[in-house]
Amino acid sequence: MIKKIVKGTILLLVIFFIFSGVLFAAEQKEMNLSQAVNLALTNNLNLKIANLDLENAQIDYEKTKANNLLTESRYIELQGDLGLLQAKDNYTQTRNEVIIDVVQKYLQVNQAKRNITAKSKETELEKNLLEEVKAQVEAGHKGNLDLLRQENKYNNAVFDLEKANDDYHQSFREFKLELGLNDQEEEEFDLTEVDYPEAWQIDEEEALKKTIENSFILELRKRQIELAKVDLERAEVAASPELDLRKLKNNIELANLTFNKTQKELTNSIRKQFYTYKQAINSLDLSQQNLNQAQENNSIIVDQVKAGLKTKNDLLSAEISLLQSEYSLNSAILNYYMNKLTMQKLMGQKIEEGEIK
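Residues numbered from 1 in each chain as written. Predicted model: local features only at pLDDT ≥ 70, side-chain atom pairs only at ≥ 80, totals over all residues. Heavy atoms only, no water.

Trainee: Looking at this structure, how should I read the overall build of the chain?
Mentor: Scanning the chain from terminus to terminus reveals nine helices and two strands. Start at the N end of the chain and walk to the C end: the helices and strands fall as α-β-α-α-α-α-β-α-α-α-α. Within the chain, buried positions represent 40% of all 357 residues. In the chain, of all internal contacts separated by at least 6 residues, the share reaching a separation of at least 24 is 82%. In the structure as shown, the chain presents an accessible area of about 21000 Å², 51% of it carried by carbon and sulfur atoms. (Helix = DSSP H or I, 4+ residues; strand = E, 2+ residues; numbered from the N terminus. Buried < 20%, exposed > 50% of the residue type's maximum accessible area, 1.4 Å probe, protein only. Contact = heavy atoms within 4.5 Å. Areas by Shrake-Rupley, 256 points an atom, 1.4 Å probe, with all protein chains shown as cover.)

Pasting the structure below:
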């Protein structure tokens, strides 16, 4: 029974490698991260909707401004400003979200593809070890229990390889949808690697200052305070009842308290995100050091294999460790970009395509 399982899994593995070879042997187009972002910004439906909403808000603003020339009402002017500000903020935030999603999925696809390479090496190693155990069992140096254990390890490795292949194709499908491409299209393309990023330099106080300056929600709270004051002025001029005036005064105080509460929450959010961003930079540095060490170790093993001091399986193990270190570094790069872009979004900045390479 066990031999049938092993033969079956070997057959599946052979089919997989043949299919993969045919797939990647074909000439494929290349796409870099900047191209992917631009394609998504062109095709994204939510961004198109936000852009039309912004155009309509601009039209409404101009109409309100023209209609208000005679009355010169500060209340109407504030309401018109708010509508336009909200549409501008919605467009910027939608655009930022599109870029963040594309960057995340782009890097995840590359990670999924890299995982296939690592799992292939692990499967190859477990297959070699299985052949060694079989030979040792036949020679009487090991028992059937040792063989069973190694067969299980090999079967698990085959399963992990097949799962890695499925994960890659699923990630690629989701990525194509993010770009606005038809998932039914068979066209495949290679995603170029993202370089090790040069850390974005900003200190905590500067980040906080820019967040306060750019915050739409804080600007909204300020306008709400102004509107509450205008409401009170209008009521006082109209000789409104005392109870109504007290309520309007309370509304001004409520608006001020809401502004202060929002400012504190925003300050807390950006401080937390800044801390997370700094940790992401530290993780980048550590992952790069680990990769350098794995590269050095792999180079030593290669020389030792050439000198006859190490086996091919030792070399495979070193290559697997190197691939795992590369995977960890690229996970750190993904984490870095997600934290950087999230902080820029919190700061109310418009993320530019040129910042991502």
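Trainee: I keep staring at the packing of helix H8 (residues 242–306) against helix H9 (residues 312–346) and nothing clicks. Help me out?
Mentor: Geometry of a packed helix pair, given as the angle between the helix axes and the separation of the axes. As a packed pair, H8 and H9 sit with axes 8 Å apart at the nearest point and diverge in direction by 160°. When the axes of H8 and H9 are compared, the pair comes out roughly antiparallel. Of the two possible hands of crossing, H8 and H9 adopt the one that is left-handed. When the residues that make up the contact of H8 with H9 are grouped by side-chain class, the tally is 20 nonpolar, 16 polar and four charged. (Axes fitted to C-alpha atoms, helices over the stretch in contact; angles between N-to-C directions. Parallel < 35°, antiparallel > 145°, perpendicular 65-115°, else oblique. Left-handed = near helix turned anticlockwise from the far one by under 90°. Nonpolar A, V, L, I, M, F, W, Y, C, P; charged D, E, K, R; others polar.)

Trainee: Honestly, the packing of helix H6 (residues 204–214) against H8 in this entry has me stumped. Any pointers?
Mentor: Relative orientation of the contacting elements H6 and H8 amounts to 140°, with a least axis distance of 10 Å. Judged by the inter-axis angle, H6 sits oblique to H8. Judged by the sense of rotation from one axis to the other, the crossing of H6 with H8 is right-handed. For the pair formed by H6 and H8, the contact residues are Glu204, Glu205, Ala207, Leu208, Thr211 and Ile212 on the first element and Gln263, Leu266, Thr267, Ile270, Arg271 and Phe274 on the second. When its residues are assigned to classes, the contact of H6 with H8 shows six nonpolar, three polar and three charged.

Trainee: Which parts of the structure should I look at to understand the nonpolar core?
Mentor: In globular proteins that are soluble, nonpolar side chains generally tend to be buried together. Within the largest apolar cluster, 49 residues are counted, with the highest numbers of intra-cluster contacts made by Val102, Val103, Tyr106, Phe175, Leu179 and Met343. Mapped onto this core, the elements with two or more residues apiece are helix H2 (33–43), helix H4 (74–138), helix H5 (144–178), strand E2 (189–191), H6, H8 and H9. Setting aside residues no more than four positions away along its own chain, tyrosine 106 makes contact with Met31, Asn32, Leu33, Ala36, Phe175, Leu191, Thr192 and Val194. (Core = buried A, V, L, I, M, F, W, Y, C linked by side-chain atoms within 4.5 Å.)

Trainee: Whenever I open this one, H4 confuses me. Can you help?
Mentor: Given 3.6 residues per helical turn, the α-helix brings residues three or four places apart onto the same face. The terminal C-alpha atoms of H4 lie 94 Å apart, and with 65 residues this matches the ideal 96 Å at 1.5 Å per residue to within 8%. Two to three positions downstream of the cap, the backbone nitrogen of tyrosine 75 sits 3.4 Å from a side-chain oxygen, assigning the N-cap of H4 to serine 73. (Expected span 1.5 Å × (residues − 1). Polar contact = N/O pair within 3.5 Å; in protein donor to acceptor, adjacent residues only side chain to side chain.)

Trainee: What should I look at first to understand the packing of aromatic side chains in this one?
Mentor: Given two aromatic rings, their pairing is described by the distance between the two centres and the angle made by the two planes. Applying the stated criterion across every chain, the model contains seven aromatic pairs. Considering the side-chain rings of tyrosine 277 and tyrosine 336, the 5.7 Å spacing of their centres and the 40° angle between planes classify their relative orientation as tilted. Separated by 59 residues along the polypeptide, tyrosine 277 in helix H8 and tyrosine 336 in helix H9 bring together distant segments of the chain. The burial state of tyrosine 277 is the same as that of tyrosine 336; both residues are buried. An angle of 70° between the planes, with centres 5.3 Å apart, marks the rings of tyrosine 336 and tyrosine 337 as edge-to-face. By the burial criterion, tyrosine 336 is buried, and tyrosine 337 matches it. Each member of the aromatic cluster is reached from another via a ring pair, and the members are Tyr106, Tyr168, Phe172, Phe175 and Phe189. When the ring centre of tyrosine 75 is taken as reference, the NZ or CZ atom of arginine 234 above it lies at 4.6 Å. (Phe/Tyr/Trp six-rings, centres within 6.5 Å; stacked < 30°, edge-to-face > 60°. Lys NZ or Arg CZ within 6 Å of the ring centre and 35° of its normal.)

Trainee: Could you clarify how one ought to interpret the pattern of salt bridges in this entry?
Mentor: Any two side chains of opposite charge can pair, given that their charged atoms come close. Per the counting criterion, the structure on display carries 17 salt bridges. In this structure, aspartate 167 engages lysine 163 in a salt bridge whose closest nitrogen and oxygen atoms are separated by 3.0 Å. Here lysine 163 and aspartate 167 lie together in helix H5, a separation of four residues that amounts to about one turn. On the accessibility criterion, aspartate 167 (32% relative accessible area) is partly exposed. What emerges from the salt-bridge pattern is a single network uniting Arg74, Glu77 and Glu226. (Salt bridge = Lys/Arg side-chain N within 4 Å of Asp/Glu carboxyl O.)

Trainee: Just to check I follow, could you spell out the layout of surface pockets for this structure?
Mentor: Vacant regions in the atomic arrangement are exposed by a probe of water-molecule size rolled over the atoms. Of the pockets and cavities examined, the largest pocket occupies roughly 300 Å³. Taken together, 17 residues line the largest pocket, and the ones lying closest to its centre are Asp89, Gln93, Asn214, Ser215 and Phe216. Those elements that place two or more of their residues in the lining of the largest pocket are H4, H6, helix H7 (216–237) and H9. When residues of the lining of the largest pocket are assigned to their parent elements, the largest contribution, five residues, is made by H4. Taken together, the residues that form the lining of the largest pocket break down as six nonpolar, six polar and five charged. (1 Å grid on protein atoms, 1.4 Å probe; cavity = no way out; pocket = protein on both sides within 12 Å on 5 of 7 lines; lining within 4 Å. Points joined across faces, edges and corners; volume = space filled by probe spheres on them.)

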